[in-house]
Amino acid sequence: MKILEINNSRKHFGDLEVLKDISLSVEKNQVVSIIGPSGSGKSTLLRCATLLETLDGGDLIYLGDYAAKADENGNAVYAAPEELKKIKMNFGLVFQNFNLFPHYSVLKNVMEAPVLVQKRNKDEVKEEAMELLRKMGLEDKADAYPFQLSGGQQQRVSIARALAMKPNILFFDEPTSALDPELTGEILKVIKDLAAEHMTMVIVTHEMAFARDVSDYIIFMDGGVIVEEGTPDQVINHPTQERTKLFLSRFKND
Amino acid sequence: MSLSIMLSQLSVGMVRAVGIFALTLLFSLPLGMLVAFARMSKNGIIKNIARVYISVLRGTPLMLQLLVVYFAPFYLWHANIGGYRFAAVILGFTLNYAAYFAEIYRGGIQSVPQGQYEAAQVLGYSKSQTFFRIVLPQVVKNILPAVTNEVITLVKDTSLAFALAYQEVFTLAKQIAAAQTNFIPFVVAGIFYYVFNVLVAFVMERIEHKMDYYR
Ligand SMILES: Nc1ncnc2c1ncn2[C@@H]1O[C@H](COP(=O)(O)OP(=O)(O)O)[C@@H](O)[C@H]1O
Ligand SMILES: [Mg+2]
């Protein structure tokens, strides 16, 4: 079952073509990593997939529902706001900078959206939120505020916040890039645990060893195009494209 | 005139000064928010109207603005402005302070990181939920020191109502001092403004302290 399908997507900022005819699809339970040099359009792709940016062209489909559909000229035509609001409930996004709400306690960060947006029962949500925090090793931080936590703890809260919405697919945009090196491991472990539980995920990362271990499929992007894609073994161990080899050579010591 | 009679006359003025203060805040704090939204509007006309409004009201003396607000209906339409004095005082102060608050709000709103809006958007918050639950509480914390400054200035500015001969404490002190050739009313008025401001500063500090639970 396809959770996400993006066909022939295009996006430009001014004169800059950031996404040039990108297509990808993500099956249920699949973990897809996107790698590539900075500026290659990885974040823009995630931001378009999560409706933070609008595509110029192409299709954006979640579980068969079109968030955007290309017209006969290939231009993306978006669904009505009500429809998009429903489609939005399919995905969650974990940001590089966490973007926790600083004025809310950890528990409220995790609980508010399910109660407010999804109108779920508050007691139930609280139980689930505490369970998620336990899973993240943060049960004793439920009443703390984000500023009292380390970067790694904040990122775990933001993962719990995203999971509390019960998304069908979770996007990560460089989830460890804002962390001190000694804290990246704890986040990578959380994501690996999620992969073991068959969470469907799309992960933009510069951690090559991690990407190789956790992913079912890897996409290498450069200059707004997909240069090479395939299994981790194909893309990371046996790349065929020069640009991929050159990029990976910078991570040799991994 | 005995001190107690003097004090009881002045106390009427003190109540009126507090009235100007409270009503001005009551109306200008929300109006300032509307002006701030207009100032940040994507619509060029609305934005420029707000920009000119803010610029003129911050760029001319409040005393002059009070006179314009009070006398304009008479000069423009020969309206009877007999019963309009108090309303003119409140209107003048409100229009002026809304301009200052608008700029404070604008700075406060712009200081909330884009990531806060994006996180809320992905979680499915509506625009108004995002504003009232995520943005506004952070704005309030950000702007409290600047608002405190304005509020303290307002306490002292209430004395400008004398320009419209509104009988608040300063106007009365001046009249009594002149009639009695006595310096005491000024001292009393001075103590009043000072104590008022110490109270205001205390309250604002308490509110700022309440917001200290997060960073
Ligand atoms: N909002 C924007 N406006 C203009 N240019 C942008 C914007 N967002 C990204 N870009 C540009 O698009 C290109 C791709 O950026 P991004 O998707 O962030 O790349 P990556 O995440 O792979 O580093 C970069 O050249 C970046 O400067
Ligand atoms: Mg990026």
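In what follows, the structure referred to is the one given above.
No experiment lies behind these values; they were computed from the predicted model shown.

Reading guide: rules and limits
- Residues numbered from 1 in each chain as written.
- Chains lettered and ligands numbered in written order.
- Predicted model: local features only at pLDDT ≥ 70, side-chain atom pairs only at ≥ 80, totals over all residues.
- Heavy atoms only, no water.
- Helix = DSSP H or I, 4+ residues; strand = E, 2+ residues; numbered from the N terminus.
- Contact = heavy atoms within 4.5 Å.
- Areas by Shrake-Rupley, 256 points an atom, 1.4 Å probe, with all protein chains shown as cover.
- Lys, Arg positive; Asp, Glu negative; His and termini not counted.
- Charge placed at Lys NZ, Arg CZ, Asp CG, Glu CD.
- Rg over C-alpha atoms; globule rule 2.2 N^0.38 Å.
- Buried < 20%, exposed > 50% of the residue type's maximum accessible area, 1.4 Å probe, protein only.
- Salt bridge = Lys/Arg side-chain N within 4 Å of Asp/Glu carboxyl O.
- Phe/Tyr/Trp six-rings, centres within 6.5 Å; stacked < 30°, edge-to-face > 60°.
- Buried area = accessible area lost by both parts, 1.4 Å probe.
- Polar contact = N/O pair within 3.5 Å; in protein donor to acceptor, adjacent residues only side chain to side chain.
- Nonpolar A, V, L, I, M, F, W, Y, C, P; charged D, E, K, R; others polar.
- Pairing = 2+ DSSP bridges.
- Axes fitted to C-alpha atoms, helices over the stretch in contact; angles between N-to-C directions.
- Near = heavy atom within 4 Å.
- Parallel < 35°, antiparallel > 145°, perpendicular 65-115°, else oblique.
- Left-handed = near helix turned anticlockwise from the far one by under 90°.

Draft legend 1. Quick peek at the overall build of chain B. Scanning chain B from terminus to terminus reveals eight helices and zero strands. Once the C-alpha set of chain B is aligned to its principal axes, its extents read approximately 70 × 45 × 25 Å. Expressed as a percentage of contacts within chain B between residues at least 6 apart in sequence, the contacts between residues at least 24 apart total 75%. Entry remark: accessible area of chain B is about 11,200 Å², with carbon and sulfur atoms responsible for 68%. Measuring between centres, the 16 positive side-chain charges of chain B sit 7 Å from its 8 negative side-chain charges.

Draft legend 2. Up close: the overall build of chain A. Within chain A one finds nine helices and 11 strands. The C-alpha radius of gyration computed for chain A amounts to 18 Å, which stays within 12% of the reference 18 Å derived for 254 residues, consistent with globular compactness. For chain A, the spread of C-alpha atoms along the principal axes amounts to about 50 × 50 × 35 Å. Within chain A, the proportion of its 254 residues that are buried is 56%. A separation of at least 24 residues holds for 62% of the contacts in chain A among residues at least 6 apart in sequence. As presented, chain A carries roughly 11,200 Å² of accessible surface, and 47% of it is formed by carbon and sulfur atoms. Side chains of chain A give 29 positive and 38 negative charges; the mean places of these two sets differ by 3 Å.

Draft legend 3. View of the pattern of salt bridges. Counting across every chain of the model gives 16 salt bridges over all chains. Between Asp213(A) and Arg212(A) there is a salt bridge; the shortest N-O distance is 4.0 Å. Owing to a relative accessible area of 33%, Arg212(A) belongs among the partly exposed residues under this scheme. Among the charged side chains, a salt-bridge network with shared partners connects Lys11(A), Arg47(A), Glu53(A) and Glu118(B).

Draft legend 4. The packing of aromatic side chains, seen in detail. Within the structure shown, the criterion is met by 23 aromatic pairs over all chains. Each ring, one from Phe101(A) and one from Tyr125(B), has its centre 5.9 Å from the other, and the planes form 70°; the classification is edge-to-face. Linking Phe101(A) in the loop between strand 7 (91–94) and helix 3 (106–116) with Tyr125(B) in the loop between helix 5 (114–122) and helix 6 (127–157), this pair reaches from one chain into another. Ring geometry for Phe74(B) and Tyr75(B): centres 5.3 Å apart, planes at 70°, overall edge-to-face. Residue classification places Tyr75(B) among the exposed positions, given a relative accessible area of 62%.

Draft legend 5. Seen up close, the interface of chain B and chain A. Taken residue by residue, the interface counts 18 residues in chain B and 24 residues in chain A. Buried area between chain B and chain A, summed over both chains or domains, comes out near 2,100 Å², and the portion from carbon and sulfur atoms is 62%. Among the residues chain B hides against chain A, the three largest losses belong to Val122(B), Leu123(B) and Tyr213(B). Together they make up 30% of the total. Across the chain B-chain A interface, the total number found is two salt bridges. The partner of Arg133(B) in a salt bridge is Glu112(A), and the shortest N-O contact between them spans 3.2 Å. Where chain B packs against chain A, one counts 10 residue pairs in polar contact (both at pLDDT 80 or more). Among the elements that make up the side of chain B that touches chain A, the one with the highest residue count is helix 5 of chain B (seven residues). Split by residue class, the side of chain B that touches chain A holds nine nonpolar, six polar and three charged.

Draft legend 6. Fine view of the sheet that holds strand 5 (residues 65–70) of chain A. All names here are of chain A. The antiparallel open sheet is built from five strands, whose spatial order is 2-1-4-5-6. Taken across any chain shown, the strands that pair with only one partner, and hence form the sheet edges, are strand 2 (16–27) and strand 6 (76–78). Direction aside, the axes of adjacent strands within the sheet are offset by 20° on average. Note: strand 4 (residues 57–62) against strand 5, three bridges, orientation antiparallel. Within strand 5, the position partnered with Tyr62 by the bridge is Asp65. Of the strands in this sheet, strand 4, strand 5 and strand 6 touch helix 2 (residues 81–88), which is tilted by about 125° from strand 5.

Draft legend 7. Fine view of the site of ligand 1. Residues and elements named next belong to chain A. Taken together, Phe13, Leu16, Val18, Pro37, Ser38, Gly39, Ser40, Gly41, Lys42, Ser43 and Thr44 make up the full set of residues near ligand 1. Between Lys42 and ligand 1, the recorded distance is 2.8 Å, taken from a side-chain N or O atom to an oxygen atom. Mapped onto the shell around ligand 1, the elements with two or more residues apiece are strand 2 and helix 1 (42–49). When residues in the shell around ligand 1 are grouped by element, the largest group, three residues, is from helix 1. Grouping the amino acids of the shell around ligand 1 by side-chain chemistry returns four nonpolar, six polar and one charged.

Draft legend 8. Highlighting the packing of helix 3 of chain A against helix 5 (residues 151–163) of chain A. Residue and element names in this part refer to chain A. In the contact formed by helix 3 and helix 5, the axes pass within 8 Å of each other and the chain directions differ by 20°. Taken together, the axis directions place helix 3 and helix 5 in an arrangement best described as roughly parallel. As for how helix 3 packs across helix 5, the hand of that crossing is right-handed. Counted together, Val106, Asn109 and Val110 of helix 3 and Val157, Ala160 and Arg161 of helix 5 form the full contact between these two elements.

Draft legend 9. The side chain of Thr205(A), seen in detail. Residue and element names in this part refer to chain A. Tracing the backbone through its elements, the reader meets Thr205 in the loop between strand 9 (201–204) and helix 7 (208–214). At 2.9 Å, the side chain of Thr205 forms a polar contact with the backbone nitrogen of Glu207. Once you skip the residues sitting within four places of it in the chain, Thr205 turns out to touch Ser33, Ile34, Ile35, Phe210 and Ala211.

Draft legend 10. Expanded view of the environment of Gly13(B). All names here are of chain B. In this fold, Gly13 is placed in helix 1 (residues 3–39). As a C-alpha pair, Gly13 and Ala173 span 160 residues in sequence and 8.5 Å in three-dimensional space. Among all residues touching Gly13, those that are not within four sequence positions of it are Gln167, Glu168, Val169 and Leu172.

Draft legend 11. Spatial organisation of the side chain of Ser215(A). Residue and element names in this part refer to chain A. Mapped onto the elements of the fold, Ser215 is located in the loop between helix 7 and strand 10 (217–222). A distance of 2.6 Å separates a polar atom in the side chain of Ser215 from a polar atom in the side chain of Ser33. Within the structure, the side chain of Ser215 is placed 2.5 Å from the backbone oxygen of Ala211, a separation counted as a polar contact. For Ser215, the residues in contact, after removing those within four places along its chain, are Val31, Ser33 and Pro232.

All we've got here are geometric facts, nothing functional implied.
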